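Observations on the model geometry
Here are the chains, one letter per residue:
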Amino acid sequence: LVILVGNLLIIALILSDRDLHRPMYFFLCNLSSLEIFIATSIIPKTVASLLMGSKAISFPACITQCYFYFLLGTIEFVLLAVMSYDRYVAICYPLQYPMLMNSQLCVQLLLGSWTAGFLSTIVPTVLVVRLPFCNANHIDHFFCDSMLLIKLSCADTRTVELISFMTAVIILFGSLVMTAMSYLYIINTILRLPSASSRNKAFSTCSSHFTIVILGYGSCIFQYVLPSSHHTSYYKMVALINTMVTPLMSPFIFSLRNEQMKKALKVGL
């Protein structure tokens with residue numbers, strides 16, 4: 001409920017306040033929508049299993065949950081990279097920012113994020129669906145994770161595992177490299193600003209996004225890219241960060257650390 005209310009409040013503030021009709025908040029509005037969708041694809045079934053005691057899930061429902069979790073997660077990482085590019089243009093080229101980050105480009109970047117998410121998740125999902133599952137039907141997790149589904153198959157899964165691994169590496173490290181390069185240019189520009197107040201203001205506009213980047217990338221790299229030698233309980237704890245902690249913290253991080261969001265919230269209240 002906190003995730004839903006918090007992120008819906010962010011969306012409502014951005015839509016209702018004309019001062020927030022800017023590229024940065026356009027992407028933030030879509031990020032909050034993704035946080036809602038990700039949490040909704042996992043939490044209701046998990047809560048129902050805890051309350052009702054029945055932890056069974058059908059295979060089609062399991063595949064659907066798995067697909068939407070990775071689709072939305074992939075879109076979110078690409079969108080975080082897009083948001084870092086937006087901050088790079090705003091800080092490094094402030095005079096050209098309105099012209100460079102126009103509404104048409106913002107829509108194209110958003111559509112590109114969704115397209116990248118769809119193309120990178122559809123093939124691994126189809127390969128997992130086509131795998132034969134013989135007897136094992138127990139997943140030691142609180143939702144349907146593709147890596148654990150693959151391990152249940154009684155066929156040779158090396159090709160599926162390789163494609164899934166390469167997809168995760170391309171998406172995670174590709175968007176991470178773009179984000180890191182943007183922040184290197186941002187930090188270099190900020191450090192050359194003449195006044196301390198200007199530097200603090202520039203840092204404050206990036207701190208919220210940077211916090212979410214650290215949470216998201218750190219947990220997913222640990223979970224899907226590094227060797228899986230860690231215990232299952234640690235694997236589930238890391239997944240908990242992606243599915244519940246980050247969507248829960250995101251509204252507070254973006255609202256409490258952003259002066260314009262706090263101003264819009266006061267006006268709304």
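Residues numbered from 1 in each chain as written. Predicted model: local features only at pLDDT ≥ 70, side-chain atom pairs only at ≥ 80, totals over all residues. Heavy atoms only, no water.

If you tally the helices and strands in the chain, you get ten helices and zero strands. Shown N-terminal to C-terminal, the secondary structure of the chain runs as helices and strands in the order α-α-α-α-α-α-α-α-α-α. In terms of principal-axis extent, the alpha carbons of the chain reach across some 65 × 40 × 35 Å. With 269 residues in all, the chain has 45% of them scored as buried. In the chain, of all internal contacts separated by at least 6 residues, the share reaching a separation of at least 24 is 75%. For the chain, the computed accessible surface area is about 14,400 Å², with 70% contributed by carbon and sulfur atoms. Looking at charge distribution, the chain has the averaged site of its 16 positive side-chain charges lying 6 Å from that of its 10 negative ones. (Helix = DSSP H or I, 4+ residues; strand = E, 2+ residues; numbered from the N terminus. Buried < 20%, exposed > 50% of the residue type's maximum accessible area, 1.4 Å probe, protein only. Contact = heavy atoms within 4.5 Å. Areas by Shrake-Rupley, 256 points an atom, 1.4 Å probe, with all protein chains shown as cover. Lys, Arg positive; Asp, Glu negative; His and termini not counted. Charge placed at Lys NZ, Arg CZ, Asp CG, Glu CD.)

Bringing the packing of aromatic side chains into the picture now. Applying the stated criterion across every chain yields a total of nine aromatic pairs. Their ring planes at 40 degrees and their centres at 6.0 Å tell us that Tyr 85 and Tyr 88 sit as a pair that is tilted. You can see Tyr 85 and its partner Tyr 88 sitting in helix H3 (residues 59-92), three residues apart, about one turn around the helix. Grouped by ring-pair contacts, the aromatic residues Tyr 69, Phe 70, Phe 142 and Phe 143 constitute a single cluster. (Phe/Tyr/Trp six-rings, centres within 6.5 Å; stacked < 30°, edge-to-face > 60°.)

Now for the UniProt feature "transmembrane region" (unreviewed entry) in the chain. Here, UniProt's "transmembrane region" (unreviewed entry) annotation points to residues 25-47, 67-85, 105-127, 162-186, 207-226 and 238-256. Annotation note: span residues 162-186, helix share 100%, strand share 0%, distance between end C-alpha atoms 35 Å. (UniProt positions renumbered as here; feature names shortened; annotations may be inferred.)

What follows concerns the state of the cysteines. Going through the model one piece at a time under the given rule, you end up with two disulfides. In this model Cys 134 forms its disulfide with Cys 154; the gap between the sulfur atoms is 1.8 Å. Given an S-S torsion of about 60 degrees, the disulfide between Cys 134 and Cys 154 has right-handed geometry. Residue Cys 134 is located in the loop between helix H5 (103-129) and helix H6 (146-152), and its partner Cys 154 is located in the loop between H6 and helix H7 (158-191); the two are separated by 20 residues in the primary sequence. We note that Cys 66 lacks a disulfide partner, and the nearest cysteine sulfur, in Cys 62, lies 6.7 Å from it. Using a relative accessible area of 5% as the deciding quantity, one classes Cys 66 as buried. (Disulfide = S-S within 2.5 Å.)

What follows deals with the side chain of Thr 125. Inspection of the secondary structure puts Thr 125 in helix H5. Look at Thr 125 and you get buried, because its relative accessible area is 15%. Filtering out sequence-adjacent residues up to four positions away, Thr 125 remains in contact with Ile 63 and Tyr 67.

Moving on, we come to the packing of H3 against H5. The geometry of H3 relative to H5 is characterised by a closest axis approach of 8 Å and an angle of 145 degrees between their N-to-C directions. Where H3 crosses over H5, the two elements pack in a sense that is right-handed. Of the residues in the contact of H3 with H5, the class split is 18 nonpolar, six polar and no charged. (Axes fitted to C-alpha atoms, helices over the stretch in contact; angles between N-to-C directions. Left-handed = near helix turned anticlockwise from the far one by under 90°. Nonpolar A, V, L, I, M, F, W, Y, C, P; charged D, E, K, R; others polar.)

Moving on, we get to the environment of Ala 239. On the secondary structure map, Ala 239 appears in helix H9 (residues 232-256). Residue classification places Ala 239 among the buried positions, given a relative accessible area of 0%. Between the C-alpha atoms of Ala 239 and Phe 143, which are 96 residues apart in sequence, the distance is 9.4 Å.

Moving on, we come to the nonpolar core. Counting 62 residues, the largest nonpolar core has Ile 14 and Leu 80 as its most contacted members. The dominant element in this core, judged by the number of residues it contributes, is H3, at 19 residues. Once residues within four sequence positions are removed from consideration, Leu 80 is found in contact with Leu 31, Thr 179, His 209, Ile 212, Val 213 and Tyr 217. (Core = buried A, V, L, I, M, F, W, Y, C linked by side-chain atoms within 4.5 Å.)

Where the model shows low pLDDT, its predicted coordinates should not be examined in detail. On average, residues of the chain score 84 in pLDDT, and 94% of them are at 70 or above. When pLDDT is averaged over each element of the chain, H5 comes out on top at 92 and helix H8 (residues 196-225) at the bottom at 73. (pLDDT = per-residue confidence, 0-100.)

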